[in-house]
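So you can see what is in the structure, the chains are spelled out below.
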Amino acid sequence: MEQINHKAGFVSIVGKPNVGKSTLMNVLVGERLSIITSKAQTTRHRIMGILNGTHKGTDFQLVYSDTPGIILPKYELHKSMMTFVHSSLEDADVILFVTDIFEKYDEDDVIDKLARIDHIPVLLLINKIDLATEEQIAEKIAHWRERFPTQAIIPISALKEQNTGEIFDSIVEHLPNHPPYFDKEELTDKPERFFASEIIREKIFLNYKKEVPYSCEVSIAAFKEEDNLIRISAEIYVERVTQRAILIGHKGESIKKVGTQAREAMEKFFGKKVFLEQFIKVEPDWRQKAQKLRMFGYGQD
């Protein structure tokens, strides 16, 4: 059988919430595909980012998957989020297990999952080393070497892009010989309207506190692309009337701010002018309703 001079594979990024998985994904792909906030559980879907290139004379295609942080589900929404994590582990060729320098050593649930997958190489990444001393970094490496035998432990700062090149080299080394899975021109598996909804959701996370961002979901009702303009109609769902009032704000100022920030971010992302209209709807307990979750794209991985 003829040897294929091309490497390709799926690289799953997993870990607890808020350890920097989305920041790392964007750095590795070179594009801002995953939304980033300081709040945990921002990522709800499995988002693939596709990177093509040549490494040491061999063409490659890396298909990265940013996944929700691994949690104990409280809602049907959380269960759907965890199905994205499980499916990403099932088809992975390489797993990036991301922890961080502030780890409280409560990752037994993550470690148990990975321990059952002994046929896939796991690279353990200790993130946020830019916030630590050399002594703290050495202590973390020693801890993980004892607790979690793996192919490699790489201390990194995704934010500062420290040691991210070493991650890339290790991934390519472990990739199997395989033709590309996606067209070489593709950047992601998600449609444009998905990123429009994620951009709005990111601005909600950045502008509101407590439970409101977690109770919101964004659905794009219309996405019409013209020569120099994209017209987008977005529906923002909340669970309670009081949340709707908070989202709107005094004289509509809060939701107008979200719209302005989202439109500016979309114009940068899509490279076109954007006309954005937003409608807020109340859907009680949507996080517990399977039908609504399917409408929002959960449980489809």
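About the criteria used
Think of each chain on its own: its residues are numbered from 1, step by step along the sequence as written. Whole-chain, interface and lining totals are the exception, using all residues; otherwise, since this is a predicted model, local features are given only for residues with pLDDT of at least 70 and side-chain atom pairs are given and counted only at 80 or more. Water and hydrogen atoms play no part in the side-chain values, which are based on all heavy atoms of the structure. Runs of H or I in DSSP of at least four residues are treated as helices and runs of E of at least two as strands, each being numbered from the N terminus. Relative accessibility under 20% of the residue-type maximum defines a buried residue, over 50% an exposed one, and the middle range a partly exposed one, all with a 1.4 Å probe and only protein chains included. Each accessible area value is a Shrake-Rupley result obtained with a 1.4 Å probe; residue values ignore everything except the protein chains displayed when judging cover. To define a nonpolar core, start from buried Ala, Val, Leu, Ile, Met, Phe, Trp, Tyr and Cys residues and group those joined through side-chain atoms within 4.5 Å. Residue contacts follow a heavy-atom distance rule, with two residues in contact if any of their heavy atoms lie within 4.5 Å. Strands were regarded as paired on the criterion that DSSP finds at least two bridges between them. To define axes, lines are fitted to C-alpha atoms, for helices over the stretch in contact only, and angles between the resulting N-to-C directions are given on a 0 to 180 degree scale. By the definition adopted for this analysis, an angle is roughly parallel if under 35 degrees, roughly antiparallel if over 145, roughly perpendicular if from 65 to 115, and oblique otherwise. For any pair of crossing helices, the crossing counts as left-handed if the nearer helix is rotated counterclockwise from the farther one by less than a right angle, and right-handed if it is rotated clockwise. Note on residue classes: Ala, Val, Leu, Ile, Met, Phe, Trp, Tyr, Cys and Pro are nonpolar, Asp, Glu, Lys and Arg are charged, and everything else, Gly too, is polar.

Colleague: Got a minute to help me understand the overall build of the chain in this structure?
Modeller: When its secondary structure is counted, the chain shows nine helices and nine strands. For the chain, with 301 residues in total, the buried portion stands at 52%. For the chain, the accessible area works out to roughly 14700 Å², and carbon and sulfur atoms hold 49% of it.

Colleague: It is not clear to me how the nonpolar core should be interpreted in this structure. Could you clarify?
Modeller: When a protein is soluble and globular, its nonpolar side chains tend to lie buried together. Counting 27 residues, the largest nonpolar core has L24, Y64, L96, L125, I167 and I171 as the members making the most contacts within it. In this structure, L24 is in contact with I13, L96, V98, L125, I156, A158, T164 and I167, ignoring residues within four places of it in sequence. Counting 24 residues, the second-largest nonpolar core is a separate cluster that includes C216, I232, A234 and M266.

Colleague: Honestly, the sheet that holds strand β1 (residues 6–15) in this entry has me stumped. Any pointers?
Modeller: Across a sheet, paired strands are connected by hydrogen bonds in the backbone, their directions being either parallel or antiparallel. Read from one edge of the open sheet, six strands run β2-β3-β1-β4-β5-β6, paired in mixed fashion. Of all the strands in the sheet, just β2 (47–55) and β6 (152–155) have a single pairing partner and so form its edges. Across the sheet, the mean angle from the axis of one strand to that of its neighbour is 25°, orientation sign disregarded. Examined bridge by bridge, β1 and strand β3 (residues 58–66) share eight bridges and lie parallel to one another. Note that in β3 the partner of K7 across the bridge is F60.

Colleague: What exactly am I supposed to notice about the pairing of β2 here?
Modeller: Look at any regular strand and the pattern is simple: side chains alternate between the two faces of the sheet. In terms of strand pairing, β2 meets β3 through nine bridges, oriented antiparallel. Paired with L51 across the strands is L62, a residue of β3. The hairpin formed by β2 and β3 contains two residues between the paired strands, and K56 there has a positive phi angle of roughly 50°.

Colleague: Looking at this model, I keep getting lost on the pairing of strand β5 (residues 122–127). Mind explaining?
Modeller: Where burial is concerned, most of β5 is hidden: six out of the six residues are buried. With burial as the criterion, each face of β5 is covered, one bearing V122, L124 and I126 and the other bearing L123, L125 and N127. Here strand β4 (residues 94–100) pairs with β5 via six bridges, running parallel. For V98, the partnering residue across the bridge sits in β5 and is L125. When β5 meets β6, the two strands line up parallel, connected through four bridges. Across the sheet, residue I126 finds its bridge partner in β6, namely P155.

Colleague: Is there a simple way to explain the packing of helix α6 (residues 192–207) against helix α8 (residues 253–270) in this structure?
Modeller: Each pair of packed helices gets described by two things: the angle between the helix axes and the distance between those axes. Taken N-terminus to C-terminus, the directions of α6 and α8 make an angle of 140°; their axes are 9 Å apart at the nearest point. By the angle between their axes, α6 is oblique relative to α8. Seen along the crossing, α6 lies across α8 with a hand that is right-handed. Each of E192, F195, A196, I199, I200, K203, I204 and N207 in α6 lies in contact with α8, whose residues at this interface are K257, V258, Q261, A262, A265, M266, F269 and F270. Partitioned by chemical class, the residues of the contact of α6 with α8 number eleven nonpolar, two polar and three charged.

Coordinates in, geometry out; function isn't part of it.
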